[in-house]
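Observations on the model geometry
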Amino acid sequence: MRKLTLWLPLALFAFFAGLAAYMLTQEKDQFVESTMIGQPLPEFALQPAFDGLPGASKADFTGKPKLLNIWASWCLPCIAEAPQLEALQKQGVEIIGIAIRDKPEDVAGFLAKYGNPYTRVGSDKISEVQLGIGSSGVPETFVIDAKGVIRYQHIGDVGADDVPVLLAELEKAQ
Amino acid sequence: MIRWMFAIVLTALALPLAAQDSMPPAPYAYNQLADPQLEAEASALMQTLRCLKCQSQSIADSDAPMAGDMRHQVRSRILAGESPDQIRRWLIARYGDYVSYEPEVSSTTWPLFAIPVLVILIVAGVLLRRLGKRRSDGDDAGAKA
């Protein structure tokens, strides 16, 4: 009995060393998920991000479930997701964009170059709406139902595999 | 000639900045509030809020544009009369308690608060028993001698 308790500190140490080694080999989840899922969008009304399309407000999220895409012309992964957003738009999905800390000429240039899947793009110069919905980076895509309630969050660029997931979430939000 | 070289060096230095957005920062990202009392409140709060882009820094420490926008939120809300605790609640409602460096007792964190108390109690118990035993041992020895 005495001998066993002598080994106890070493066993504890080995346990914690093993735990640390295990956690080091695990991939770190860098994403901070929004805790606003199931909550209504905050009130907002953003100016148009460029001359071509109207701005965005909470009132635009009525009628049917829509996508809210947080993006920016200076964001590289946003270029990667552009074809997928276009594919979603071709399937009848309405995508409302919010451009973070962006300039009208940069927004117009980006959309001319990589395609424009949006019906509206609001300009969020100080990330106010982004912070208001619990988004922690660009790009992020939210499913908003017809009542303006946030139903789903996709963090990072929308890949080809994510398109059916978003379509299913839009269907679920009906 | 020297002026040209200087210009080239300056452009080279500015290149990494071009990769970021080129918008001016939010009004209160780098400007303190005029009222020192309110600024002290805002500053104390900003020290305990996590930057979401650079997750090991507080928003007071970080130069990330998003941290600047969060500082703007904190200062403008303080100026509008919100209490630091209200602003912390507002952020926690959006990002979970991960956004706050101030420890909170919750369903997942209570062991962190309970275990030290438990350990101190156990140690106190063991110590009392040992000391008590030694004293009575000593008494026995004294009685024998």
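Predicted model, so just to flag it, every value in this text is computed and none were measured. (Residues numbered from 1 in each chain as written. Chains lettered and ligands numbered in written order. Predicted model: local features only at pLDDT ≥ 70, side-chain atom pairs only at ≥ 80, totals over all residues. Heavy atoms only, no water.)

**With respect to the confidence of the model for chain B**
Under the convention used in this document: The predictor attaches a confidence to each residue, and that confidence, scored 0 to 100, is pLDDT. Contact definition: two residues touch when any of their heavy atoms are within 4.5 Å.
Scored by pLDDT, chain B has a mean of 85; 79% of the residues are at 70 or more. Scored below 50 in pLDDT, residues 15-19 of chain B shows one contact in the model against residues more than four places distant or in partner chains.

**Let's talk about the sheet that holds strand β4 (residues 95-100) of chain A**
All names here are of chain A. Rules: Strands are treated as partners if at least two bridges between them are detected by DSSP. Numbering goes from the N terminus for both helices and strands, where a helix is a DSSP run of H or I of at least four residues and a strand is a run of E of at least two. For every element, the axis is a line fit to its C-alpha atoms; helices are fit only across the contacting stretch, and the angle between N-to-C directions ranges from 0 to 180 degrees.
Taking strand neighbours across the sheet as the criterion, the five strands line up as β5-β4-β3-β6-β7 in an open arrangement whose pairing is mixed. One side of each edge strand has no neighbouring strand; the edge strands of this open sheet are β5 (118-124) and β7 (150-155). Between one strand and the next, the sheet's axes are offset by a mean angle of 20 degrees, whatever the strand orientation. Pairing of strand β3 (residues 66-71) with β4, which is carried by five bridges, proceeds in the parallel orientation.

**Remarks on helix α2 (residues 76-90) of chain A**
All names here are of chain A. Just so we agree on the cut-off: By definition, a residue's bend is the angle between the axes fitted to the seven residues ending there and the seven starting there.
At Ala-82, α2 shows its largest bend, some 40 degrees, and a proline, Pro-83, comes one to four positions later. Residues of α2 that are buried sit in contact with β3, β4, α3 (104-114), β5, β6 (140-144) and α5 (162-172). One or two steps after α2, the chain reaches Gly-92, where phi turns positive at roughly 95 degrees.

**Overview of the pattern of salt bridges**
Residues and elements named next belong to chain A. What counts is decided by this rule: For this analysis, a salt bridge means a side-chain nitrogen from Lys or Arg found within 4 Å of a carboxyl oxygen belonging to Asp or Glu. Partly exposed describes any residue whose relative accessible area lies between the buried limit of under 20% and the exposed limit of over 50%, with all areas from a 1.4 Å probe on protein chains only and scaled to the type maximum.
Per the counting criterion, the structure on display carries 10 salt bridges over all chains. With a closest N to O distance of 3.5 Å, Arg-120 and Asp-60 form a salt bridge. Here Arg-120 is found in strand β5, whereas its partner Asp-60 is found in the loop between β2 (56-57) and β3, with 60 residues between them in sequence. Take Arg-120: its relative accessible area is 25%, and that puts it in the partly exposed class. A relative accessible area of 13% means that Asp-60 is categorised as buried. Notably, a salt bridge pairs Asp-145 with Arg-151, separated by 2.9 Å at the nearest N-O pair.

**Some details on the interface of chain B and chain A**
Heads up, the condition is: Note: buried area is the sum, over both parts, of the accessible area (probe 1.4 Å) each one loses when the two are combined.
Facing the 23 residues of chain B at the interface are 25 residues of chain A. Around 1900 Å² of area is buried between chain B and chain A when both sides are counted, 55% of it from carbon and sulfur atoms. Looking at the side of chain B facing chain A, the largest losses of area belong to B:Met23, B:Arg94 and B:Tyr95, adding up to 32% of the total buried there. One can count one salt bridge joining chain B with chain A. Its salt-bridge partner being A:Arg101, residue B:Asp69 comes within 2.4 Å of it at the nearest N-O pair.

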